[in-house]
Amino acid sequence: SDLGIATGGSIAGDYLYVVDEGNGLRILDCKDPVNLKPVGIFPFVTEASFILVGSTAYLVAEGALVIVDISNSSAPKELGRLALWQLDVTGPQQLAIRSSYAYVTGPWEQFHIIDVSVPSAPKKVVTYQSNISWCGGVELSGGFAALRSKYRSDVEFVDIRNPAAPQSVGVFSKGIGLFALAPS
């Protein structure tokens, strides 16, 4: 079937994973890139952002962190879900994964740290109120997170070495724009 509005994608092995807005996470066989073949779908109705880690997809969709087993490409299945906010929030939020934690931005000034060590039972560790307007992105480096504002050029650096007690290191403004931290 045809794709709707693709809002994100990633390739792993012979498969292309695409967020198809309003339809879900589509899995396509891309051995022949000219003739992509639909293999499976994990349905959801909102926009989403996602990260693949091995045979697991972590999605922020439908106001929740959703953990999906994609080891069987033709039949992805939900492993766990943690509701984070009301469904009327527009647009996908961003996430990063490190070790047994998921780091999810938004909505508004929120930054969620979630223990995903047991995929069937993700647990919120803390919701940190950031000092920037509308957290729109997150990058991790060492024991720190850089939170980007979705609508302004503000960036806040947060010490996450103790996931249960994140601490602001500082907020930087004025013309920074998009960036990525250098790996430590």
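Before reading on, note that the structure itself is shown above.
Model, not experiment: these values are computed from the prediction. (Residues numbered from 1 in each chain as written. Predicted model: local features only at pLDDT ≥ 70, side-chain atom pairs only at ≥ 80, totals over all residues. Heavy atoms only, no water.)

Caption draft 1: Quick peek at the sheet that holds strand β13 (residues 135-141). If you walk across this open sheet you meet the four strands as β13-β14-β15-β16, and the pairing is antiparallel. Strand pairing shows two members of the sheet lacking a second neighbour, β13 and β16 (167-172), which therefore form its edges. On average, adjacent strands in this sheet sit at an angle of 20 degrees to one another, irrespective of strand direction. With five bridges connecting them, strand β15 (residues 155-159) and β16 associate as antiparallel partners. Bridge pairing in β16 places glutamate 156 opposite valine 171. (Pairing = 2+ DSSP bridges. Helix = DSSP H or I, 4+ residues; strand = E, 2+ residues; numbered from the N terminus. Axes fitted to C-alpha atoms, helices over the stretch in contact; angles between N-to-C directions.)

Caption draft 2: The arrangement of the pairing of strand β11 (residues 110-115) in detail. Burial analysis of β11 places five of its six residues in the buried class, which makes it a mostly covered element. In textbook terms, the turn of a hairpin is the stretch between consecutive antiparallel strands, and for strand β10 (residues 101-105) and β11 this stretch comprises four residues, one of which, glycine 106, has a positive phi near 80 degrees. In this sheet, strand β12 (residues 123-129) lies alongside β11 in antiparallel orientation, the contact comprising six bridges. Along β12, the bridge assignment pairs phenylalanine 111 with tyrosine 128. (Buried < 20%, exposed > 50% of the residue type's maximum accessible area, 1.4 Å probe, protein only.)

Caption draft 3: Broad picture of the packing of aromatic side chains. In the structure shown here, the tally under the stated rule is three aromatic pairs. Each ring, one from tyrosine 101 and one from tyrosine 103, has its centre 6.4 Å from the other, and the planes form 45 degrees; the classification is tilted. A residue is classified by how much of its surface remains accessible, and tyrosine 101, at 22% relative accessible area, is partly exposed. Consider the rings of tyrosine 103 and phenylalanine 111, whose centres lie 6.1 Å apart with planes at 20 degrees: the pair is stacked. By relative accessible area, phenylalanine 111 is classed as buried at 0%. One aromatic cluster is present, built from ring pairs that chain together Tyr101, Tyr103 and Phe111. (Phe/Tyr/Trp six-rings, centres within 6.5 Å; stacked < 30°, edge-to-face > 60°.)

Caption draft 4: Up close: the pattern of salt bridges. Following the criterion strictly, the structure yields six salt bridges and no others. Between arginine 161 and aspartate 159 there is a salt bridge, and its shortest N-O distance comes to 2.5 Å. Judged by relative accessible area, which is 61%, arginine 161 ranks as exposed. Among the charged side chains, a salt-bridge network with shared partners connects Glu62, Glu78 and Arg81. (Salt bridge = Lys/Arg side-chain N within 4 Å of Asp/Glu carboxyl O.)

Caption draft 5: View of the environment of isoleucine 70. Position of isoleucine 70 among the secondary structure elements: in the loop between β7 (64-69) and β8 (77-83). Separated by 30 residues in sequence, isoleucine 70 and glycine 40 have C-alpha atoms that sit 9.3 Å apart. Excluding residues that lie within four positions of it along the chain, isoleucine 70 makes contacts with Tyr17, Ile27, Leu52, Gly54, Ser55, Thr56, Ala57 and Pro76. (Contact = heavy atoms within 4.5 Å.)

Caption draft 6: Quick look at the sheet that holds β12. Across the sheet, which stays open at both edges, the four strands sit in the order β9-β10-β11-β12 with antiparallel pairing between neighbours. The two strands at the open ends of the sheet, each matched to only one other strand, are β9 (95-98) and β12. In this sheet, adjacent strand axes meet at a mean angle of 20 degrees when their direction is disregarded. Direction of pairing for β9 relative to β10: antiparallel, over a ladder of four bridges. Within β10, the residue paired with arginine 98 across the bridge is tyrosine 101.

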